[in-house]
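Next come the chains, spelled out residue by residue.
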Amino acid sequence: MAERRDSLWRRAGRQLMKRRGVVICFVIIACYLLVALLGILGLLPDYQERVGDSYDPPSASFALMLGTDIFGRSVVYKILAGTKTAMLIGLVVPAIAVPIGVTLGALGGYFGGRVDAFIVWFFSVISSVPYILIVIAISFVLGKGMLAICVAMGTVGWVGLCRLVRGEFIKHRHREYALASRLLGAGDLTIIFRHILPNVIHVAIITASLQVLGAIKSEVILTYLGVGIQDGSSWGTMISDAAGELVQGIFWPLIGVVFSMFFVIYALNVVGDALRDALDPKLLD
Amino acid sequence: MTHAPLPRALLALTVILTLALGACGGSKSSSGGGEGDTPAAAGNQKKVLNLVRGSAHKNLDPVKQFDQASADIVSNLYDTVLSYHYLKRPYQLVPSLAENMPTASEDGLTYTFRLRKDVKFVDDECFPGGKGRTLNADDVIYSIKRFADANLNAQSYMLMAGFVEGMDAFREETKKAGKDADYGTLEISGLQKVDDFTFTMKLTQPNPLALLPLAASQLSIVPREAVEHYKADFERKPVGSGPFKVQKLSRRGVIILERNPGYHGVYPSEGDPGDKEAGLLASAGQKLPLVDEVHLPLIEEAQPRMLKFKRGQIDLLGFDKNNFRQMAFKDDKGFHLKPEWADKFEILSGESLSTEYFVYNMDDPLVGKNKALRQAIAYALDIPGFIKDMRNGRGVKMHTLVPLPIAGSERELKDLQRYDRDLAKAKEKLVEAGFPGGKGLPPLTVEYRNSSTDTRQEFEYHRAKLAEVGITLKANFQTFSAFLQRVDSGNFQMTISGWAADYPDAENFYQLTYGPNKRPGPNASGYQNPEYDKLYERSRFMPNGPERYAIFKQMADILYEDVPVFVTWTYIPVSMRQKWVKNRKLNSMITGHRFIDIDVAAKTKGVQ
């Protein structure tokens, strides 16, 4: 089994590297991750520092490349701070959602019966409430800010992955290799995590790559609605401010944030699709 | 499958027709005034005043309402014993349900009120036969009892607390009796019915402010039948005798008020100097209200409101920050519209009777117990900068709680101590507070009542200013109900609050830091200072004059020193009106819909 798995990964790697667009998108994502890392290390410029007058238009220097906001703060610095927030959320949310989704999906799919019925009931209940509404409700309970938003999105965002993994486990649990392992005396957990999971993990990887995208978009929407990040270091805050700024003909903060979002979301979409193409055995020749 | 082409064609045709009809409908609606009223208005000369609500009302029971949105509706549907002159300044009490201003006994303790005999409640199913009956003294006494009932009125009783004979005792009795309090057996000894249209109110001591609460919307007169018929639903089924009655009531949709033909009011014949020249006396002596209907859609976002105003679909509109920047400016002479808008609309501004202030929770172990820290914050905040940058200059920095147009404000107080921005002093105070340069000081949290863009930007502004001296500010943006719960329970560090006058007297503002009014009353900081309380009690029932102002100065000095609240600024309302709107004068004490007139011909022409 290991040999086949290695060849799948190797082949996927080769396939991805052959596509120039995908490589560029990987580079774009790496740049965003680098900005996030610099932000975590405190190496980004202070977005709260005043660098000019209120609503200075874009000019030649780096700080003023996209002009200033109402307080004379650099729009570029704010976008960088927003990038850190977005990428952190984009990473933390799948880090919470993927293990939950994989574990519950694996248990439900493998054991079936009452365990499966309970897990299906559980994710049906959660998925019956609109995503944004349930995230808002959880955020209200947990309080606002980065942690609350991550927990809220993470605890709700596992449902789709759970469904997929459960389906895969139902398919795999009666395959010969799983039955053989059982005959050789392997326990349930060993079969689940050592034998079946490596064969379905590509589903989790594809879903996680798309979940990064979803988490970034959800954070922006939630912050725009006033329930997300409250300290101003979010793209959602900048979009919310832009509603009033456009009336006054001040377009540069919105332009900046829109392009920042566009590049990362586009890159994540492309990479997510490419990963699916490369890793999904059904799509392989 | 064989039938597929026909349904598809039909579907396509349906879509085309729907779009075409939709487009026609849209065009008709927009040319007709947005709410679909103006074509009718042009045809039958119906006068419709199109206004807008920025927030939904909470409760239409006069004694339970405490938000501006509710008060605006209540004051159009109900009437009060007294009211304020629409045009004269300073604000003057005038009779409304009363025939004349009440007469006082020689000792100044008993007022006799004679009610008009021609006032009827609007027709409603709560009355026998559905016909509204004549309003009488029993209704007034019943309404005042409801106002004093501790089970109904938790918010505004302080307006009449402590000066009407037997009223405080009545309130205590209602508290004991709970929701079963029987007004038939419980009496307010100072309120006596003389005959069907006469009653007296006896005070415990002479009080020049005694009549002012009788003009407050919380003391609107309600019929007992409606309260008993609708029970808990009464807060959604208003039955009054005001200038308008409800045609349609939708909390989150359009409210339509229609003229109450039985309303007794007439437009004033006198005003301030200059009012006549401004055309504000053109309707003198005319029966009120002057318009047939008032349409009040709820539009919470500023931009759609402004777009509708620009298309003539809204008659009066206050400015928001962004649209002000685009359309208007301020100079030494005041507020003006930019040339491209000046020939289309008219700008109005005036003085408001409100105050904004930071509230420190005096029970908080950090902020409440560290006076120097509170003083440091007061020195570090930049209020003039805030007014200029965040409010387009539509405000005035204040140094006492009392709004400037009210007697006893800082205009009358000499040598007032004040907090002007001084970073050196702020840093000194931080050292005194034990946090030099902000070292060791944990982030301070401010509670906000919403999470709008303006609120968040307001927080970011203050955060930046405090950061200059090393104070870190955090915000907790929340819903209004969560905010109220937090503040009322004292579970907060700092918040920003505002107070609009219930009546135009300084006492109404100094009570905000009076000990017995501690939260959930209006004293949100929970400030307790026996010396301040004594001064407040001494000043409360005094007539305005140097002696009272001297006490106000002492109280202002105490608040300056202790800083339980840091008074920041007062708002200058700036709004625009369409040129077809007549008789508009800013009045902070009453809602002026009944006085507004519309030039229907001009409006029909002007609406896009």
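Here we summarise the structure given alongside this text.

Thresholds applied
- Residues numbered from 1 in each chain as written.
- Chains lettered and ligands numbered in written order.
- Predicted model: local features only at pLDDT ≥ 70, side-chain atom pairs only at ≥ 80, totals over all residues.
- Core = buried A, V, L, I, M, F, W, Y, C linked by C-beta atoms within 7 Å.
- Buried ≥ 20, exposed ≤ 12 C-beta atoms within 10 Å, placed from the backbone.
- Helix = DSSP H or I, 4+ residues; strand = E, 2+ residues; numbered from the N terminus.
- Contact = placed C-beta atoms within 7 Å.
- Nonpolar A, V, L, I, M, F, W, Y, C, P; charged D, E, K, R; others polar.
- Pairing = 2+ DSSP bridges.
- Axes fitted to C-alpha atoms, helices over the stretch in contact; angles between N-to-C directions.
- Parallel < 35°, antiparallel > 145°, perpendicular 65-115°, else oblique.
- Left-handed = near helix turned anticlockwise from the far one by under 90°.
- Right-handed = clockwise from strand over helix to strand, strands pointing away.

**Things to note about the nonpolar core**
Piece 1. Within the largest apolar cluster, 133 residues are counted, with the highest numbers of intra-cluster contacts made by A376, I377, A380, V565 and F566 of chain B.
Piece 2. Here this core gets 6 residues from one element, more than from any other, and that element is helix α10 (residues 371–380) of chain B.
Piece 3. Once you skip the residues sitting within four places of it in the chain, F566 of chain B turns out to touch Y357, F358, I377, A378 and Y419 of chain B.
Piece 4. With 71 residues, the next largest nonpolar core counts I96, V135, V227 and M238 of chain A among its residues.

**Some thoughts on the interface of chain B and chain A**
Piece 1. Taken together, the contact pairs 15 residues of chain B with 15 residues of chain A.
Piece 2. Those elements giving two or more residues to the side of chain B that touches chain A turn out to be α8 (321–327), α13 (453–467) and β18 (473–477) of chain B.
Piece 3. The residue makeup of the side of chain B that touches chain A, split by class, is 4 nonpolar, 7 polar and 4 charged.

**Topic: the sheet that holds strand β5 (residues 110–114) of chain B**
Residue and element names in this part refer to chain B.
Piece 1. An order of β4-β5-β7-β6 is seen for the 4 strands of this open sheet, with the pairing classed as antiparallel. Taken across any chain shown, the strands that pair with only one partner, and hence form the sheet edges, are β4 (103–104) and β6 (191–195).
Piece 2. The pairing of β4 with β5 spans 2 bridges and is antiparallel. What sits directly across from T103, in β5, is T112.

**A word on the packing of helix α16 (residues 530–540) of chain B against helix α17 (residues 546–562) of chain B**
The packing of two helices is summarised by the inter-axis angle and the distance between the axes.
Residue and element names in this part refer to chain B.
Piece 1. Remark: α16 packs on α17, axes separated minimally by 10 Å, with the N-to-C direction vectors making an angle of 155 degrees. By the criterion of interaxial angle, the relationship of α16 to α17 is roughly antiparallel. Judged by the twist between their axes, the crossing of α16 over α17 is left-handed. For the pair α16 and α17, contact is made by E531, Y532, L535, Y536, R538 and S539 and by R548, I551, F552, Q554, M555 and I558, respectively.

**Some thoughts on the pairing of β18 of chain B**
All names here are of chain B.
Piece 1. Judged from the 5 bridges that link them, strand β17 (residues 444–448) and β18 form a sheet pairing that is parallel. Each bridged residue has a counterpart across the sheet, and for Y448 the counterpart in β18 is F477.
Piece 2. Between β17 and its parallel partner β18, the chain crosses via α13, and the hand of that crossover is right-handed.

**Looking at unusual backbone geometry**
Piece 1. The step from L288 of chain B to P289 of chain B runs through a cis peptide bond, and the omega angle for that step is -5 degrees.
Piece 2. Mapped onto the elements of the fold, P289 of chain B is located in the loop between β9 (254–259) and β10 (293–297).
Piece 3. A cis amide bond links R519 of chain B to the next residue, P520 of chain B, at an omega of 10 degrees.
Piece 4. Here P520 of chain B lies in the loop between α15 (507–510) and α16.
Piece 5. In this structure, Y55 of chain A is a non-glycine residue whose phi angle is positive, near 55 degrees.
Piece 6. Residue position: Y55 of chain A is located in the loop between α2 (20–40) and α3 (75–111).
Piece 7. Given 19 C-beta atoms within a 10 Å radius, Y55 of chain A is considered partly exposed.

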